[in-house]
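# Secondary and tertiary structure notes
Read off the chains here:
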Amino acid sequence: MAETHSLQELQTPPASSKIFIQRDYGSGTICRFHTKLPSELESRVDKQQFEETMQTLNNLYAEAEKLGGRSYLEGCLACLTAYTVFLCLETHYEKVLKKISRYIKDQNEKIYAPRGILFTDPIERGLRVVEVTIFEDRSIGSGR
Amino acid sequence: MHLGVSESMRECEYSQISTRSSTPMETPYKKRTPKKRKWESFPGRNKFYCNGRIMMAKQTGVFYLTLVLILATCGLFFTFDCPFLALQLTPVIPVIGGVLFLFVLGTLLRTSFSDPGVLPRATPDEAADLERQIDVANGGTGYRPPPRTKEVEINGQTVKLKYCFTCKIFRPPRASHCSLCDNCVERFDHHCPWVGNCVGRRNYRFFYMFILSLSFLTIFIFAFVITHIILRSHRSGFLTALKESPVVVCFFSVWSIVGLSGFHTYLISSNQTTNEDIKGSWSSKRGKDNYNPYSYGNIFTNCCAALCGPLPPSLIDRRGFIQSDAPQLAPPTNGITMYGATQSQQSHMCDQDQCIQSTKFVLQAPVILTASTENGGILAGRTALSLGGPCTSLPLGQPTPPTSTPSLSCHEDPMAHHHFLTPEEVPSPPGMLPCGSPMGHSHTVQAGFYNPASQDSLHEDSVRGLVKLSSV
């Protein structure tokens, strides 16, 4: 019986499940995600930590989409140059998206990967969802 | 049983996928297939040029007409009127005309060639997750309920988010599905045949600048053509002068373009889209408390937001390469989605894939029986997933699955699994079937699985045989 179980586990590929944190449209069309900790993660992640991560993400997206002096200046400059300026320069939004990518990578490495969790950058899902992959390490064999 | 399996292996060149190679990810199949860019398997009805840099709608005939009209009118103006006006009045006229003309062209091309704000379709995992949530909300009846909506409160107004069956997402507020391009577009304004593209969040400002500058250009040309006629008629007569001027085209286009500019100026100042205006979404006629929740309150801020706000990047990565994801198993999902999707996947599977899958099914049968506890439809999906993970993850849930990707990704997983499943292990699986719950499901499981995957009775018998052995 023990032999059977170990064989079974060897043959079972490492399982992972995905949960999706949807967009929060309560403040309009700006990019915001729900910050509530999903039930599937309750056993793995500290609620405070998760909310902090999500809130930071939301703040970064808000920064990208902020209407202020900087974005107006950028818009006017672009208009004056018949929008050719963006062929050479990076927009503010793109710069913030890169910042977000780095932040997510950092959070994954430091906090979530050791707990078997992986956050996917929302830009890879069209800013629709934050995809969280939960790895359940069941296999004891050589894996893949 | 084994003979049958090895025969199918030979037929499908299964032996080419070698277990001897140290890196499972490198398969001969992957090396042979050239890397494709994502635009090549884009599910919408768009045309792409310059290796994905340019994106337009399918019907571009009217766009070329627009180009021809602008070029012809300006060409005539510069050829016949400008020399006269430059000499008689000032050379600044052709210069201003030239600048306006270039601006018009630039904004037109920018509007036509850029991504209007297309929302990429949901990945199969997302779609499955949403379906599951909807099913739970509906009490798990299993049949497709009437149009799915979600209500959200934005700035005090209740907005209904509709579910898009094509893209398998709940559309964000102000997004709409363009039936011509078959895409959901953010802040959808309208589909403009004159520019050959949808007008949405990312190209609305270019569109507005285009029609505004075109209005100025047409008024400019019209005015100076009239001036030219008047000046000439002092010399040669009105009718002769008229013959020599391209006034007719200008005359008709001025009113329509100026009218359109005026309309869009109103829309921008009230932060509405053409779509919303036509439907009267925020009209006070609908109710006393009906107001536009997206408006910033004053005209100046609305204009600035629409024209000078930050430009979001394209959400569809057109020029990225299609990655064959690492085999990841999606959790078992709603039978409806998976079953239907497995069917469509079936039609796209090559014979090789079928052979591999059915072979692996035989070898993994007891594992599958233990793995799933839901109905047959789900099992079908689950099995397909466990056998060829990436294979199914891409085409599922999309009406026009990318045909290239299954061949790319399908062959990775057999490599991964082949490590476990050597011929020596085959006799042991029957012993693996744990007694208990899976047995009760085994009958439905078998019946469910066979419909999509394989009609080969040999395989059916082999599985039954394995199951019988295990019950001993």
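Criteria and cut-off values
- Every chain's residues receive numbers from 1 upward, in the order its sequence appears when written.
- For this description, chains carry letters from A and ligands carry numbers from 1, given in the order in which they are written.
- Thresholds applied to this predicted model are a pLDDT of at least 70 for local features of residues and 80 or more for the giving and counting of side-chain atom pairs; totals over whole chains, interfaces and linings are not thresholded and use all residues.
- Note that the side-chain values use all heavy atoms of the structure and ignore hydrogens as well as water.
- Secondary structure elements are taken from DSSP: a helix is a run of H or I of four residues or more, a strand is a run of E of two residues or more, and numbering for both begins at the N terminus.
- Using a 1.4 Å probe on the protein chains alone, a residue whose accessible area is under 20% of its type maximum counts as buried, one over 50% counts as exposed, and one in between counts as partly exposed.
- Residue contacts follow a heavy-atom distance rule, with two residues in contact if any of their heavy atoms lie within 4.5 Å.
- Distance and chemistry together define a polar contact, namely a pair of N or O atoms within 3.5 Å, with one atom able to donate a hydrogen and the other to accept it when in protein, and with adjacent residues in sequence counting only for side-chain atoms on both sides.
- Paired strands, as defined in this entry, are two strands with at least two bridges between them according to DSSP.
- Working definition of a nonpolar core: buried Ala, Val, Leu, Ile, Met, Phe, Trp, Tyr and Cys residues. They are joined through side-chain atoms within 4.5 Å.
- Salt bridge, as used here: a side-chain nitrogen of Lys or Arg that lies within 4 Å of a carboxyl oxygen of Asp or Glu.

### With respect to the environment of Q272(B)
Residues and elements named next belong to chain B. Secondary-structure assignment places Q272 in the loop between α8 (247–269) and α9 (274–279). By relative accessible area, which is 8% here, Q272 ends up buried. Measuring from C-alpha to C-alpha, the distance between Q272 and A306 comes to 10.0 Å, with 34 residues separating the pair along the chain. Excluding residues within four positions of it along the chain, Q272 makes contact with R174, R187, Y266, L267, D277, W282 and N292. Looking at Q272, its side chain comes within polar contact range of the side chain of Y266, at 3.4 Å.

### Points about the sheet that holds strand β4 (residues 149–154) of chain B
Residue and element names in this part refer to chain B. Read from one edge of the open sheet, 3 strands run β4-β5-β6, paired in antiparallel fashion. Unpaired on one side and paired on the other, β4 and β6 (169–170) mark the two borders of the sheet. Two strands pair when backbone bridges link them, and β4 and strand β5 (residues 157–164) are joined in this way by 6 bridges, in the antiparallel orientation. Bridging from a neighbouring strand, I154 pairs with Q157 of β5.

### Some thoughts on the side chain of N108(A)
In this structure, N108(A) sits in helix α4 (residues 92–112). Setting aside chain neighbours within four positions, we find N108(A) in contact with A113(A), P114(A), I117(A), L118(A) and F119(A).

### Topic: the nonpolar core
Counting 45 residues, the largest nonpolar core has I70(B), F77(B) and F210(B) as the members making the most contacts within it. Put simply, the parts of the chain that give this core at least two residues each are α3 (69–80) of chain A together with β2 (54–57), α3 (61–88), α4 (92–113), α6 (204–235), α8 and α10 (299–308) of chain B. Sort the elements by how many residues they give to this core and α6(B) lands first, with 13 residues. When sequence neighbours within four positions are dropped, the list of residues in contact with I70(B) reads F101(B), V104(B), L108(B), F210(B) and L214(B).

### What to know about the pattern of salt bridges
Side-chain pairing between opposite charges can occur once the charged atoms of the two side chains come close. By the definition in use, this model includes 14 salt bridges over all chains. Across the pair D129(B) and R132(B) runs a salt bridge, and its minimum N-O distance is 2.7 Å. Taken together, the residues D129(B) and R132(B), both in helix α5 (residues 124–137) and 3 residues apart, mark about one turn of the helix. By relative accessible area, which is 7% here, D129(B) ends up buried. The exposure class of R132(B) is partly exposed, given its relative accessible area of 29%. Here the salt bridges do not stand alone but share partners, grouping K18(A), R125(A), E131(A) and D125(B) into one network.

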